[in-house]
Amino acid sequence: MKQVYMDYNATTPVRPEVLEEMLPFFREHFGNPSSVHWAGRQVSGAVENAREQVARLINCSPAEIVFTSCGSEGDNMSLKGTVDALRDKGNHIVTTTVEHPAVLSTCQYLEKNGCEVTYLPVDEHGMIDSAQLEKAITEKTILISIMWGNNETGTLFPVEEIGAIAQKYKVRFHTDAVQAIGKIPVDVQKANVDLLVLSGHKVGGPKGVGAVYVRRGTRMTPLIHGGHQERNRRAGTHNVAAIAGLGKACELAGERIEGDYQRVRDLRDRLERGIMERIPEVKLNGHPEKRLPNTLNVSFAYIEGESLLLNFDMKGIAASSGSACTSGSLEPSHVMGAMGVEIALAHSSTRFSLGPDNTEEDVDYVLEVLPPIVERLREMSPLYKKKA
Amino acid sequence: MYSEKVMDHFSNPRNVGEIENADGVGEVGNASCGDIMKISLKIEGDVIKDIKFKTFGCGAAIATSSMVTEMAMDKTLDEALQLTNAAVADALDGLPGNKMHCSNLAADALHEAIKNYREKQG
């Protein structure tokens, strides 16, 4: 059966060049980069090379890159480390209602431990209002944490405006850029970011590795205490193979960002247009223009997301949903809720996230398979009254 | 995560639809929990002669709806009232744990439909 993968915001396949880059570090070059001997020396260069590759992609200096195990670790490190280090300055964080759980849950944890958190609302497109951000800042505000692009809807936040506000009030700016990296240009100088989190497996690198950009001079308590790795910012023996893979993935992402993502954007737009033309009563969730080029989130009215995904899966199509059943809780997606999407439509929300391996043929296959599935599920739905 | 029987009932659901001029109709669930099940009955004497369902919900919700229509068909009303959500889940070789409480309402919908019929009978 034909298989079409349109869940690149969940994870991506490791690119062949990345795998090649990683392989020597399992057997031949197995050393610990912290060792002084030949085995250590063989690999320490690889870690530093990867650091340069990551730094180049986001326009920072290699010394400002800290390797981690994943995006969630990066977010935890940034938030908890900032709160601990800036205790004497204040205890207030400003974030949004639509952050990834790695930020939201960490904020909730910090609230239990004496922090105050303002969660900025979003409009129907999932967009924040910069004026509200500015108003939320108090003299106790130590951190603004706002993602670069939303994982569910693809909505892109005005990071440069946010960065300017952070600078004006001298508040630290952390951004979870896990979804933006490799899909659009990301420049930490332009956006005046202090802390930026990225993850390997979302950009054609391996799982189990990520990085945090920490602007020079940013005081932060480590999340993982131990040895002196990563300039004392993050202890733990380097995951050399994964770090080398992350570096290569970032290098490739930088080279291909324009070509790849123009093509992906065209495919996404073709899918979006096709769905809107072929199927009535479909609602776009997310910003119509300010959106990651690969992401399409739509609600097919009257049908529930999981049953749609199961039907897709039977046809070899991999996508994802914001329904309660797929979120693992009784509530549908918090992002849909924050955008004011009607609850039944929130359960219907379906995300297609495309990537560089998708083809026009993939899109046309989805467009062929989708309408009868939607029609069949609607016929089954007590909410659906067929229009005459 | 789902048993073969669940996937069978999900992909080929039995007795989908709505009976016109039904003798009893029952609806349970709500949009906020993501599951709505509606069952309609045709009753002759004391026996369910036809039963149909419409469901908005996940795989488990659709499969349990389909299964309960098979289990209740040609049963007397008292027999049908003995059917439980747990029995429906068992007949499907079980449901994943997190689905047991949220999407396993089909027997409740059936009972509501029978109640509706009996109320109309007065």
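Parameters at a glance
Residues numbered from 1 in each chain as written. Chains lettered and ligands numbered in written order. Predicted model: local features only at pLDDT ≥ 70, side-chain atom pairs only at ≥ 80, totals over all residues. Heavy atoms only, no water. Core = buried A, V, L, I, M, F, W, Y, C linked by side-chain atoms within 4.5 Å. Buried < 20%, exposed > 50% of the residue type's maximum accessible area, 1.4 Å probe, protein only. Helix = DSSP H or I, 4+ residues; strand = E, 2+ residues; numbered from the N terminus. Domains from an automatic or database assignment. Axes fitted to C-alpha atoms, helices over the stretch in contact; angles between N-to-C directions. Parallel < 35°, antiparallel > 145°, perpendicular 65-115°, else oblique. Left-handed = near helix turned anticlockwise from the far one by under 90°. Contact = heavy atoms within 4.5 Å. Phe/Tyr/Trp six-rings, centres within 6.5 Å; stacked < 30°, edge-to-face > 60°. Lys NZ or Arg CZ within 6 Å of the ring centre and 35° of its normal. Buried area = accessible area lost by both parts, 1.4 Å probe. Salt bridge = Lys/Arg side-chain N within 4 Å of Asp/Glu carboxyl O. Polar contact = N/O pair within 3.5 Å; in protein donor to acceptor, adjacent residues only side chain to side chain. Nonpolar A, V, L, I, M, F, W, Y, C, P; charged D, E, K, R; others polar.

## Quick word on the nonpolar core
Link 1 in the chain: With 69 residues, the main nonpolar core has A:I58, A:W148 and A:L196 as its most contacted residues.
Link 2 in the chain: No other element matches helix α7 (residues 240–278) of chain A, which puts 10 residues into this core.
Link 3 in the chain: Split by domain, the residues of this core number at least three in each of domain 1 (4–10 + 257–379) and domain 2 (16–253) of chain A.
Link 4 in the chain: In this structure, A:L267, A:A319, B:M71 and B:L110 belong to the second largest nonpolar core, which totals 66 residues.

## What to know about the packing of helix α8 (residues 305–314) of chain A against helix α12 (residues 360–380) of chain A
All names here are of chain A.
Link 1 in the chain: Direction vectors running N to C along α8 and α12 enclose 140°, while the axes themselves pass 11 Å from each other. Accordingly, the angle class assigned to the pair α8 and α12 is oblique. The handedness of the crossing between α8 and α12 is right-handed. Residues S307, L308, N311 and F312 of α8 lie in contact with α12, whose contacting residues are L370, I373, V374, R376 and L377.

## Here we look at the packing of aromatic side chains
The description of an aromatic ring pair rests on the distance of the ring centres and on the angle between the ring planes.
Residues and elements named next belong to chain A.
Link 1 in the chain: Evaluation of the coordinates by the stated rule reveals 3 aromatic pairs over all chains.
Link 2 in the chain: Relative to Y384, the ring of Y302 lies with its centre 5.1 Å away and its plane at 50°, an arrangement referred to as tilted. One end of the pair, Y302, is in the loop between β10 (295–300) and α8; the other, Y384, is in the segment after α12, with 82 residues separating them in the sequence.
Link 3 in the chain: With a relative accessible area of 11%, Y384 lands in the buried category.
Link 4 in the chain: Above the ring of Y365, the side-chain terminus of K2 is found at 5.8 Å from the ring centroid.

## Notes on the interface of chain A and chain B
Link 1 in the chain: At the interface, 22 residues of chain A touch 25 residues of chain B.
Link 2 in the chain: In total, about 1800 Å² of surface goes out of reach between chain A and chain B, with carbon and sulfur atoms giving 70% of it.
Link 3 in the chain: Our count for the contact surface shared by chain A and chain B stands at 1 salt bridge.
Link 4 in the chain: Joining chain A to chain B, the criterion identifies 10 residue pairs in polar contact (both at pLDDT 80 or more).

## Notes on the packing of helix α2 (residues 59–72) of chain B against helix α5 (residues 106–121) of chain B
Axes are the key here: two packed helices are described by the angle between their axes and the distance separating the axes.
Residue and element names in this part refer to chain B.
Link 1 in the chain: Two numbers describe how α2 lies on α5: the axes approach to 8 Å, and their chain directions differ by 50°. Accordingly, the angle class assigned to the pair α2 and α5 is oblique. Helix-helix and strand crossings are classified by hand; for α2 and α5 the assignment is right-handed. Here α2 contributes T64, S65, V68 and A72 to the contact with α5, which in turn contributes A106, A107 and L110.
Link 2 in the chain: Here the residues of the contact of α2 with α5 are counted per class, giving 5 nonpolar, 2 polar and no charged.

## Some thoughts on the domain arrangement of chain A
One frequently used descriptor of interface size is the decrease in accessible area upon assembly of the parts.
Residues and elements named next belong to chain A.
Link 1 in the chain: The domains assigned to chain A are domain 1 (4–10 + 257–379) and domain 2 (16–253).
Link 2 in the chain: Its C-alpha centre places domain 1 at a distance of 28 Å from the equivalent point of domain 2.
Link 3 in the chain: Where domain 1 packs against domain 2, one counts 0 salt bridges.
Link 4 in the chain: Between the two partners, domain 1 and domain 2, sit 14 residue pairs in polar contact (both at pLDDT 80 or more).
Link 5 in the chain: If you list the elements that add at least two residues to the side of domain 1 that touches domain 2, you get α7, β10 and α10 (334–338).
Link 6 in the chain: For the side of domain 1 that touches domain 2, the element with the highest residue contribution is α10, accounting for 4 residues.
Link 7 in the chain: In terms of residue class, the side of domain 1 that touches domain 2 is made up of 10 nonpolar, 9 polar and 3 charged.

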